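If you want the building blocks of each chain, they are given just below.
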Amino acid sequence: MRKATENVEIFKARRENVLKKLGNNALIVAAHPEHIRNHDVGYPYRQDSNLYYLTGFEEPESILLMRPGNFPESVLFVREKNIERETWDGFRFGPELAQQEFKVDKCYPIADFERVAVELLKGYEGLYYRLLKNPSFDQKMFSVLEVLKSSQGRTGYGLMSLYDADLFLGEMRLKKSEAEVANLRKACEITAQGHVAAMRFVKPGVTERQVQGVMMNYFYSQNSAREGYNFIVASGNSATTLHYNFNDQVCNAGDLLLIDAGAEYNYYTGDITRCFPVSGEFTKAQVDVYQGVLDIQKELIAGLKPGVLFKDLHEQGASLLTDLMLDLGLLSGRKEDIISANIHRKYYPHGIGHWLGMDVHDAGLYYIKGEPRAVEAGMCFTIEPGLYIPGTDAQAPKEYRGIGVRIEDNILITAQGHENMTAAVPKEIAEIESIMGQ
Ligand code: GLY
Ligand code: MN
Ligand code: MN
């Protein structure tokens, strides 16, 4: 029998916490559909982050239903055992084993969902559910809600009110527990050493794909299940394309290589970007851009502590990067005018960072009903300033054309200040040149 990959008590404690917060409302979290690539060959499946967060259960076609105050409070619907399908696709827990192994109060076969859900939801006023992400499951839910409404007649429990489960669970996921920080720290360590392996490997003539392979090999060797998002391995001018992921060109001497890659560990992902010269030595123009971005990144990180507003980080980042654009002669004019007209976005079109956790762009609000949010101990996020000067930009000084730089680290806010969880990957020019020269 397959075993749960993590201690299931962690998930049980999370469900207990959710039950306390639900009031007289129920919660439903469904797995997302499996992707099909061609014919009958699928992609490897990754459980929906919210469903994993509350169960540790990794099979597709599963649904968690939670109903505080009545036994069974936590109910999981799973695929039935099916020897023929298991011969093709592998082990399935089935309701009986899933109930034992994942310590939920009750498991049912997935085929019973609509019938059983109507019974289990009776008497609850509202339902936390993620609408609009999975249209075919939404249809199922509408039918459950309709049958429920008519079965309850005029008892005062009519159509259930719907609340956003993403918002509810997102706020819980935003502040990481010790167990979550341990997973995230491990993901960051693996990611960091993968980047170091890439720095040691790269030389003129290697392909972007080979660099990706070296990193993935390291990730797997550390029991990372998968990459946390698509690799970006972008040499030369490709680094000015934000989400470049062809990753199929040759790395040439004289070019910078930008790598944005993260390993996932127990469903938590690192998200590191480093840029370094293919030949091992920065050119003068590359130093100008790189050192400018690096100084900004370090300045932003230095000030991180509880109470800092995420919105202020965005503004501070845009301001510092606009100063750099002016220094490099990419733009001219008054900084305030440039920023208010969004002209700086030509060379820095993204934000300064994002929450990090089970998803690379992790759950959680940045504003609470319009008010900017302050960071708190236990929150994790990236700091990733960048400057991207397209090779075709006739306005930019010639020597800077085709240079793209982003430097990205992963930060945990602590009671006193912060911890950079990805500090192990070199980013100072001298350190990079030294490691590449070895
Ligand atoms: N790798 C995605 C990001 O940095 O946001
Ligand atoms: Mn990022
Ligand atoms: Mn990234």
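Higher on the page you've got the structure.
Our subject in this report is the structure included herewith.

Rules behind the numbers
Residues numbered from 1 in each chain as written. Chains lettered and ligands numbered in written order. Predicted model: local features only at pLDDT ≥ 70, side-chain atom pairs only at ≥ 80, totals over all residues. Heavy atoms only, no water. Donors = N, O, S within 2.8 Å, 3.2 Å for Na, K, Ca; no water. Tetrahedral: all angles 85-135°; square planar, octahedral: opposite > 155°, others 65-115°. Helix = DSSP H or I, 4+ residues; strand = E, 2+ residues; numbered from the N terminus. Buried < 20%, exposed > 50% of the residue type's maximum accessible area, 1.4 Å probe, protein only. Salt bridge = Lys/Arg side-chain N within 4 Å of Asp/Glu carboxyl O. Polar contact = N/O pair within 3.5 Å; in protein donor to acceptor, adjacent residues only side chain to side chain. Contact = heavy atoms within 4.5 Å. Near = heavy atom within 4 Å. Areas by Shrake-Rupley, 256 points an atom, 1.4 Å probe, with all protein chains shown as cover. Nonpolar A, V, L, I, M, F, W, Y, C, P; charged D, E, K, R; others polar. Patch = residues over 30% accessible without salt bridge, like charges linked within 9 Å, V, L, I, M, F, W, Y side chains within 5 Å. Expected span 1.5 Å × (residues − 1). Pairing = 2+ DSSP bridges. Axes fitted to C-alpha atoms, helices over the stretch in contact; angles between N-to-C directions. Core = buried A, V, L, I, M, F, W, Y, C linked by side-chain atoms within 4.5 Å.

**Details of the coordination of the manganese ion (ligand 3)**
Here's step 1: Bound to the manganese ion (ligand 3) are the protein donor atoms Asp260 (OD), Asp260 (OD), Asp271 (OD) and Glu408 (OE), situated 2.0 to 2.4 Å from the metal.
Here's step 2: Relative to the metal, the six donor atoms surrounding the manganese ion (ligand 3) lie at angles of 56 to 171 degrees, and the coordination shape comes out irregular.
Here's step 3: Considered as a linear motif, the donors of the manganese ion (ligand 3) on their single chain read D-x10-D-x136-E.

**Considering the coordination of the manganese ion (ligand 2)**
As a benchmark, a tetrahedral metal site with four donors has ideal angles of 109.5 degrees, while an octahedral site with six donors has ideal angles of 90 or 180 degrees.
Here's step 1: The manganese ion (ligand 2) binds to the protein through Asp271 (OD), His354 (NE2), Glu384 (OE) and Glu408 (OE), with metal-donor distances spanning 2.0 to 2.2 Å.
Here's step 2: If you look at the manganese ion (ligand 2) and the manganese ion (ligand 3), they sit 3.2 Å from each other and are both ligated by aspartate 271. Linking aspartate 271 in the loop between strand E13 (268-269) and strand E14 (272-277) with glutamate 408 in the loop between strand E19 (403-406) and strand E20 (409-413), this pair joins segments that are 137 residues apart in sequence.
Here's step 3: Overall, the relative accessible area of 3% leaves aspartate 271 in the buried class.

**What to know about the pattern of salt bridges**
Any two side chains of opposite charge can pair, on the condition that their charged atoms come close.
Here's step 1: Within this structure, the stated rule accounts for 31 salt bridges.
Here's step 2: A salt bridge links arginine 2 to glutamate 58, with the nearest nitrogen and oxygen atoms 3.5 Å apart. Of this pair, arginine 2 sits in the segment before helix H1 (8-21) while glutamate 58 sits in the loop between helix H2 (49-55) and strand E4 (63-66), and the two are 56 residues apart along the sequence.
Here's step 3: In this structure arginine 2 comes out as partly exposed when scored by relative accessible area, which is 41%.
Here's step 4: The salt bridge partner of arginine 226 is glutamate 264, with a shortest N-O separation of 2.3 Å. With arginine 226 in strand E9 (residues 226-227) and glutamate 264 in strand E12 (residues 263-265), this residue pair connects regions lying 38 residues apart in the sequence. Each member of the pair, arginine 226 as well as glutamate 264, carries the same accessibility label: buried.
Here's step 5: Connected via shared salt-bridge partners are Asp48, Arg130, Lys133 and Asp166.

**Points about the side chain of glutamate 264**
Here's step 1: The buried category is assigned to glutamate 264, whose relative accessible area is 3%.
Here's step 2: Within polar-contact distance, the side chain of glutamate 264 engages the side chain of arginine 46 at 2.9 Å.
Here's step 3: In this structure glutamate 264 touches Arg46, Ser224, Ala225, Arg226, Glu227, Gly228 and Thr269, once residues within four positions along its chain are discounted.

**Some thoughts on the site of ligand 1**
Here's step 1: Taken together, the neighbourhood of ligand 1 is formed by Tyr229, Asp260, Asp271, His354, His361, Glu384 and Glu408.
Here's step 2: The contact in question runs from an oxygen atom of ligand 1 to an N or O atom on the side chain of histidine 354, over 3.0 Å.
Here's step 3: Within the side chain of glutamate 384, an N or O atom sits 3.1 Å from an oxygen atom of ligand 1.
Here's step 4: Starting from 200 Å² of accessible surface for ligand 1 in isolation, the protein chains cover 87%.
Here's step 5: Its residues assigned to classes, the shell around ligand 1 comprises one nonpolar, two polar and four charged.

**What to know about the side chain of threonine 422**
Here's step 1: Mapped onto the fold, threonine 422 is located in the loop between strand E21 (418-420) and helix H13 (429-437).
Here's step 2: Within the structure, threonine 422 has its side chain in polar contact with the side chain of aspartate 409 (distance 2.7 Å).
Here's step 3: Residue contacts for threonine 422: discarding those within four places in its chain leaves Cys188, Ile272, Arg274, Asp409 and Asn410.

**Thoughts on a nonpolar patch on the surface**
Here's step 1: The grouping of Leu131, Leu132, Phe142 and Leu162 at the surface amounts to a nonpolar patch, some 370 Å² of accessible area in total.
Here's step 2: In this structure leucine 162 comes out as partly exposed when scored by relative accessible area, which is 35%.

**Here's the deal with helix H6 (residues 135-152)**
Here's step 1: The end-to-end C-alpha distance of H6, which contains 18 residues, comes to 26 Å, matching closely the 26 Å that a straight helix rising 1.5 Å per residue would cover.
Here's step 2: The elements touched by buried residues of H6 are strand E1 (25-30), E4, helix H5 (113-121), strand E7 (126-129) and strand E8 (161-164).

**A closer look at the pairing of strand E17 (residues 380-383)**
Here's step 1: Both faces of E17 are covered, namely the face carrying Cys380 and Thr382 and the face carrying Phe381 and Ile383.
Here's step 2: In this sheet, E20 lies alongside E17 in antiparallel orientation, the contact comprising four bridges. When the bridges of E20 are listed, phenylalanine 381 appears paired with isoleucine 411.

**Observations concerning the sheet that holds E21**
The strands making up a sheet associate through hydrogen bonds between their backbones, and the pairing can be parallel or antiparallel.
Here's step 1: Strand order across the open sheet formed by three strands is E17-E20-E21, with antiparallel pairing between neighbours. Where the open sheet ends on each side, the last strands, each with one partner, are E17 and E21. Averaged over all pairs of adjacent strands, the angle between their axes in this sheet comes to 30 degrees, without regard to strand direction.
Here's step 2: Where E20 and E21 come together, three bridges link them in antiparallel fashion.

**Side note on the nonpolar core**
One recurring pattern in soluble globular proteins is that nonpolar side chains are buried together.
Here's step 1: Core analysis: the largest hydrophobic core is formed by 75 residues, its most contacted members being Leu257, Ile259, Val289, Tyr290, Phe381, Leu387 and Val405.
Here's step 2: Each residue touching valine 289, except ones within four places of it in the same chain, is listed here: Leu324, Leu328, Leu387, Ile389, Tyr400, Ile403 and Val405.

**Observations concerning the environment of tyrosine 163**
Here's step 1: With respect to the secondary-structure elements, tyrosine 163 resides in strand E8.
Here's step 2: Exposure remark for tyrosine 163: the relative accessible area of 37% places this residue in the partly exposed category.
Here's step 3: Spatially, the C-alpha atoms of tyrosine 163 and leucine 127 are 6.0 Å apart, while their sequence positions differ by 36 residues.
Here's step 4: In contact with tyrosine 163, other than residues within four places in its own chain, are Asn25, Gly126, Leu127, Tyr128 and Tyr129.

**With respect to the environment of arginine 334**
Here's step 1: Relative to the elements of secondary structure, arginine 334 occurs in the loop between helix H11 (310-328) and helix H12 (335-340).
Here's step 2: Each C-alpha atom, one on arginine 334 and one on aspartate 323, is 9.8 Å from the other, the two residues being eleven residues apart in sequence.

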